[in-house]
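Report on the structure
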Amino acid sequence: MTTYEPKLVINKTAEEVDSFAALQIISQIQKKPDSVLTLPTGSTPMGMYKKLVEAYKKREIDFSKATICNLDEYWPIDQANPSSYSAYMKKNLIDHINIEASRWNIPNGSASDADVEAKRYDGVVKALSPVDLTILGLGPGTTCHIGFNEKGSAVESRTRFVTLDEQTYKVNAHFFSDPNLIPKGAITQGVGTILESKKIILMAKGEEKAWGINQTLNGPIGTDAPSTFLRYHPDVTVVIDEAAGNNLKT
Ligand code: GLP
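Here is a short report on the structure shown in this document. Not measured: the values here are computed from a predicted model.

What follows deals with the overall build of the chain. When its secondary structure is counted, the chain shows 7 helices and 10 strands. Whereas a compact globule of 250 residues would reach a radius of gyration of roughly 18 Å, the chain reaches 17 Å, a difference of no more than 12%. Based on the C-alpha atoms only, the size of the chain along its principal axes is roughly 45 × 40 × 35 Å. Out of the 250 residues in the chain, the part that is buried amounts to 57%. Considering only contacts in the chain between residues 6 or more positions apart, those separated by 24 or more positions represent 79%.

On to the site of the ligand, then. Not every one of the 14 residues close to the ligand is listed here, only the nearest: S43, T44, D72, H145 and K209. G147 is positioned such that a nitrogen or oxygen atom in its backbone is 3.1 Å from a nitrogen atom of the ligand. A distance of 2.6 Å separates an oxygen atom of the ligand from a polar side-chain atom of K209. Per-class residue counts for the shell around the ligand are 4 nonpolar, 8 polar and 2 charged.

Once that is clear, we can look at the nonpolar core. Core analysis: the largest hydrophobic core is formed by 42 residues, its most contacted members being I25, L39, I68 and L93. Looking at this core, the elements that each hand over two or more residues are α1 (14–31), β2 (36–39), α2 (46–57), α3 (85–92), β6 (133–136) and β9 (199–204). The element best represented in this core is α1, accounting for 7 residues. Excluding residues within four positions of it along the chain, L39 makes contact with I25, Y49, I68, C69, N70, L71, M89, L93 and I135. Formed by 20 residues, the second largest nonpolar core is a distinct cluster that contains L136, L195, I213 and L248.

Read from one edge of the open sheet, 3 strands run β4-β8-β7, paired in antiparallel fashion. With one partner strand each, in any of the chains shown, β4 (72–75) and β7 (160–163) form the two edges of the open sheet. Strand-to-strand twist across the sheet, computed as the mean angle between neighbouring axes with direction ignored, equals 30°. Examined bridge by bridge, β7 and strand β8 (residues 185–188) share 4 bridges and lie antiparallel to one another. The residue of β8 that forms the bridge with V162 is A186. Together, β4, β7 and β8 form the strand contacts of helix α4 (residues 114–128), whose direction differs from that of β7 by roughly 130°.

The next thing to look at is the pairing of strand β10 (residues 236–241). For β10, a buried count of 6 out of 6 residues is recorded, marking the element as mostly surrounded by other parts of the structure. Burial along β10 is two-sided: the face carrying V236, V238 and I240 and the face carrying T237, V239 and D241 are both buried. The pairing of strand β1 (residues 7–11) with β10 spans 5 bridges and is parallel. Bridge pairing links K7 to T237 in β10.

Moving on to the sheet that holds strand β3 (residues 67–70). Across the sheet, 7 strands lie side by side as β1-β10-β9-β6-β2-β3-β5; this open sheet has parallel pairing. Of all strands in the sheet, those with a lone pairing partner are β1 and β5 (104–105), marking the two edges. Here 5 bridges tie β9 to β10, and the two strands are oriented parallel to one another. Looking at β10, one finds that I201 is bridged to T237.

Quick look at the packing of aromatic side chains now. When we look at a pair of aromatic rings, we describe it by the centre distance and by the angle of the planes. The final tally for this structure, using the stated rule, is 8 aromatic pairs. Ring plane angle 50° and centroid distance 5.4 Å describe the contact between Y74 and F148, whose orientation is recorded as tilted. Note that Y74 is positioned in strand β4 and F148 in the loop between β6 and β7, a separation of 74 residues in sequence. With a relative accessible area of 1%, F148 lands in the buried category. Note on Y85 and Y88: the rings are 6.5 Å apart at their centroids and 70° apart in plane angle, and the pair reads as edge-to-face. Here Y85 pairs with Y88, and both are found in helix α3, just 3 residues apart, close to one helical turn.

About the thresholds
Residues numbered from 1 in each chain as written. Predicted model: local features only at pLDDT ≥ 70, side-chain atom pairs only at ≥ 80, totals over all residues. Heavy atoms only, no water. Helix = DSSP H or I, 4+ residues; strand = E, 2+ residues; numbered from the N terminus. Rg over C-alpha atoms; globule rule 2.2 N^0.38 Å. Buried < 20%, exposed > 50% of the residue type's maximum accessible area, 1.4 Å probe, protein only. Contact = heavy atoms within 4.5 Å. Near = heavy atom within 4 Å. Polar contact = N/O pair within 3.5 Å; in protein donor to acceptor, adjacent residues only side chain to side chain. Nonpolar A, V, L, I, M, F, W, Y, C, P; charged D, E, K, R; others polar. Core = buried A, V, L, I, M, F, W, Y, C linked by side-chain atoms within 4.5 Å. Pairing = 2+ DSSP bridges. Axes fitted to C-alpha atoms, helices over the stretch in contact; angles between N-to-C directions. Phe/Tyr/Trp six-rings, centres within 6.5 Å; stacked < 30°, edge-to-face > 60°.

Here's what the structure looks like:
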């Protein structure tokens, strides 16, 4: 498979990473109002969402024709659970912008059968493909996950149910009021699904992502670090702050 070198943008601060990512979304929608976006959750993109909401309030961005697909959702989880990704998206973006309910897609964490729901969601993304722009975060520690594609995820993997890696489980448990209530699994867009997007931006901030960023850009490409598969895509930008770049050779 042909490999490509992702474009690397190193910003001084985490806030500049947010601004960079928000601007990419704003210009994408200005250029093509009916763009399809795949969007992430987690702590990394929170500032980006804040900037998008500000831009919407200033009428710099209009989401009325856009479509949003989320990357992943825990399973099983009640969508009303404040720690669900559905609740996260509503709180941080959806409830503050002019996107029609029918144009926002996310796996249903309370579906009774995870495999059936994953297949349905893969069909939803496929019908909207190609996605114009995908924004990703990077998993904790040495997971190098994208979406919830943990170690072992194949390059051609599709949307499916996955069991969370132990490191992911531990780190993400802090986002739950009772850490014991984090589900053991999730439904995630596959690596193959993600790679079908026309353009991909990977965001990372802080020293704790420095190992993963170096691995993503310079490590051996393979299932041990699913984010390395991004090097098979011709249009990837990795945007980080200085701390997340600490392991990169200069
Ligand atoms: C979760 C999500 C990922 C996200 C990652 C990073 O595990 N499934 O899509 O990129 O967290 O989280 P954070 O931004 O909080 O470091």
